[in-house]
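A structural walkthrough
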Amino acid sequence: MNLSLARTALALVAAASLLAVAACSAGASSSPTASNGADQSLAIGLVAEPASLDFTTTDGAAIPQALLDNVYDGLVKQDENGKIVPDLAKSWTVSPDRKTYTFTLVDNAKFTNDKPFTAADAVFSINRVKSKWTTSLKTAMDVVQEAKATSPTELKVTLSKPSNDWLFRMTTRIGAMFSQTGVDKLATNPVGTGPYKLGSWKRGDSIVLQRNDAYWGTKPFFNQVTLKYFKDPTALNNALLTGTINVIGTVQAPESLSQFTSNSKYQVIEGTTNGEVVLSFNNSKPVFKDIRVRQAIRQAIDHKALLDTCFAGRGKLIGSMVPPTDPWYEDLTGIAPYDPAKAKSLLQAAGATGATLRLRLPTLPYATSCGQVVKSQLEQVGLKVQIDQLEFPAAWLTTVFKNADYDMSIISHVEPRDLGAVFNAKYYTRYDDPQLQALLAAADAGDEQTQVADMKKAARRLSEQAAADWLFLLPNLIVADKNLTGLPTNAITESFDLSRLARS
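What comes next concerns the included structure.

**Things to note about the packing of helix α8 (residues 303-311) against helix α10 (residues 365-379)**
Two elements in contact, α8 and α10, have axes whose closest approach is 9 Å; the angle formed by their N-to-C orientations is 140 degrees. The pairing of α8 with α10 is recorded here as oblique in orientation. In this structure, α8 crosses over α10, and the sense of that crossing is right-handed. Across the interface between the two elements, A305, L306, T309, C310 and F311 from α8 touch Y366, S369, C370, V373, V374 and Q377 from α10. Among the residues forming the contact of α8 with α10, the class breakdown is eight nonpolar, three polar and no charged.

Structure follows, in structure tokens:
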């Protein structure tokens, strides 16, 4: 969502034989040349502001968007194509049984509290996910049996069983490396080894990041980056037009793009994301325990008309919780085609005609816009829909995400490969399906071919069981000053990597 609320994945790891991965630091190889000019600042306009700066205890995609790969480094990270590449670990090997990972770490990194980064900090960070983190994502570290520093620059991690998912998860927020003496005030004072450090945070307005001049890799071009948050898409657009910001990081009103495409001062970037815009169902509610009701809702929605109406036709229809950038993607839109007559029949058979459903929406532009379309289309087949607006992130996170006090909601889940994380009994969807969990477990433990096959089966089952409805996949739409370089075409990681940006 712009939260991404939990999230998923399985990375491809070597099987049966020793895999050696060696490369130079991604930071050193892909960052632009640092600028020494005092005026080299940048302002980026975004929508969803973090509720806290501590992603170890607070869910929400806005926190890693701002901090991961900027303030915090991991052992590994993803490039724009989704490939796992070195970060604080400059190389690693995997044992033939796929259970032991040995990482060779860089020897010149230090935290912004001036403490050196060593393998002991990596052990601390991995163990802390298991012992201190309270967010739903922490379960991805459960497979770790032991993390051990065999030298200041060598880390050995032993898993309890082979897992395709684990190394991939280390590219997300759970792989962030923390200082053993820098975790007391994470909500307001994050301490990392990244190219930037926190300058200031003005709640409700902006986060300012300052270049970390002690950064171990190539210094970023900009010495200051301001992430400025807007609740109104028109205000966001006007901020770029008036020069208040230099980048619209997440376009919220695609119908307004023409004012930028016709102006030579700007560039428009369009790619894809992991952001599945989900019409989520509270599967613990009696009305949603009947699969006919869930299927009826899916077939009552004209997804193409919805996309045209609430997002100017931008984005992609997908039919399940897998974007095209994942290896197991299939177009599953045909499982629940638009058929209002069938939807009415299903509701009648389930005795649900006339039922009232609370659609509790976060105050995010795409959610409020699409919510009106969903309400109209569902009421045309005999349901009654009551829309409630909940301030995002605080009220939505408390009411819907934590307390599951809702019938339906609309949120974009932007975390990578998050099918299993979103659809389980403990998550806000309250979706309990042992067959789905068995498929996910088999995919995680199997070889590459098994993984892809079982993940395809899992995505298909999720769609056939109508665990939710997938309205569309958000596009990556960025508008920026013409002379900016390094902006991502595809946004398929949790972070907005500022170290890549520069001016030509």
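Now that the structure has been shown, we can carry on.
**Overview of the packing of aromatic side chains**
Under the defined criterion, the tally for this structure stands at 24 aromatic pairs. On the basis of an interplanar angle of 50 degrees and a centroid distance of 5.9 Å, the ring pair of F55 and W133 is categorised as tilted. Placement of the pair is F55 in the loop between β2 (41-46) and α2 (62-67) and W133 in the loop between α3 (119-131) and β7 (144-151), with a sequence separation of 78 residues. Ring geometry for W133 versus F178: centroids 6.5 Å apart, planes at 80 degrees, classification edge-to-face. Taken together, the residues W133 in the loop between α3 and β7 and F178 in the loop between α4 (164-169) and β9 (196-202) connect sequence positions 45 residues apart.

**Comments concerning the side chain of D407**
Tracing the backbone through its elements, the reader meets D407 in the loop between α11 (394-402) and β16 (408-413). On the basis of relative accessible area, D407 is assigned to the buried category, the value being 9%. There is a polar contact of 2.8 Å between the side chain of D407 and the backbone nitrogen of R358. Those residues in contact with D407, other than ones at most four positions away along the chain, are S280, F281, N282, K285, F288, T356, L357 and R358.

**A look at the pairing of strand β8 (residues 154-159)**
As defined by bridge partners, strand β6 (residues 100-105) adjoins β8 across five bridges and the pair is classed as antiparallel. In the strand pairing of β8, T104 is matched with E154. With six bridges joining them, β7 and β8 adopt antiparallel strand pairing. Bridging from a neighbouring strand, E146 pairs with T158 of β8. Where β7 folds back onto β8 in an antiparallel hairpin, the turn is made up of two residues.

**Description of the pattern of salt bridges**
In this structure the tally under the stated criterion is 21 salt bridges. Here D165 and R169 are joined by a salt bridge, their closest N and O atoms 3.1 Å apart. Of the two residues, D165 and R169 both sit in helix α4, four residues apart, roughly one turn of that helix. On the basis of relative accessible area, R169 is assigned to the buried category, the value being 5%. The closest approach of N and O atoms between E379 and K375, which form a salt bridge, is 2.9 Å. Placement of the pair is E379 and K375 together in helix α10, with a separation of four residues, close to one helical turn. The class of E379 is partly exposed, set by a relative accessible area of 36%. Classification of K375 as partly exposed rests on a relative accessible area of 24%.

**Considerations on the state of the cysteines**
A covalent bond between the sulfur atoms of two cysteines is what we call a disulfide. This model, assessed by the stated rule, comprises one disulfide. The partner cysteine of C310 in its disulfide is C370, sulfur to sulfur 2.2 Å. Judged by the sign of its S-S torsion, about 75 degrees, the cystine formed by C310 and C370 is right-handed. Remark: C370 occurs in helix α10 and C310 occurs in helix α8; sequence separation between them is 60 residues. Taken individually, C310 and C370 each receive the classification buried, so the pair is uniform in this respect.

**Description of the nonpolar core**
One finds L279, I297, I410, F423, L471 and F472 to be the most contacted residues of the largest nonpolar core, which totals 86 residues. When neighbours within four sequence positions are excluded, I297 is seen to be in contact with L279, F281, F288, L357, L378, L383 and M408. The next biggest cluster of nonpolar side chains, apart from the first, holds 73 residues, and it includes I126, V129, W166 and L186.

**Describing the environment of G194**
Along the polypeptide, G194 turns up in the loop between α4 and β9. Residue classification places G194 among the buried residues on the basis of a relative accessible area of 0%. On a C-alpha basis, the gap between G194 and Y72 in space is 4.9 Å, while along the polypeptide they are 122 residues apart.

**Structural notes on α3**
Each α-helix turn comprises 3.6 residues. Residues three or four places apart therefore point the same way. Between its first and last C-alpha, α3 extends 18 Å over 13 residues, near the 18 Å set by a 1.5 Å rise per residue. Within α3, burial applies to A119, D121, A122, V123, S125, I126, R128 and V129. Those residues of α3 that are buried lie in contact with β6, β7 and β8.

Rules used throughout
Residues numbered from 1 in each chain as written. Predicted model: local features only at pLDDT ≥ 70, side-chain atom pairs only at ≥ 80, totals over all residues. Heavy atoms only, no water. Axes fitted to C-alpha atoms, helices over the stretch in contact; angles between N-to-C directions. Helix = DSSP H or I, 4+ residues; strand = E, 2+ residues; numbered from the N terminus. Parallel < 35°, antiparallel > 145°, perpendicular 65-115°, else oblique. Left-handed = near helix turned anticlockwise from the far one by under 90°. Contact = heavy atoms within 4.5 Å. Nonpolar A, V, L, I, M, F, W, Y, C, P; charged D, E, K, R; others polar. Phe/Tyr/Trp six-rings, centres within 6.5 Å; stacked < 30°, edge-to-face > 60°. Buried < 20%, exposed > 50% of the residue type's maximum accessible area, 1.4 Å probe, protein only. Polar contact = N/O pair within 3.5 Å; in protein donor to acceptor, adjacent residues only side chain to side chain. Pairing = 2+ DSSP bridges. Salt bridge = Lys/Arg side-chain N within 4 Å of Asp/Glu carboxyl O. Disulfide = S-S within 2.5 Å. Core = buried A, V, L, I, M, F, W, Y, C linked by side-chain atoms within 4.5 Å. Expected span 1.5 Å × (residues − 1).

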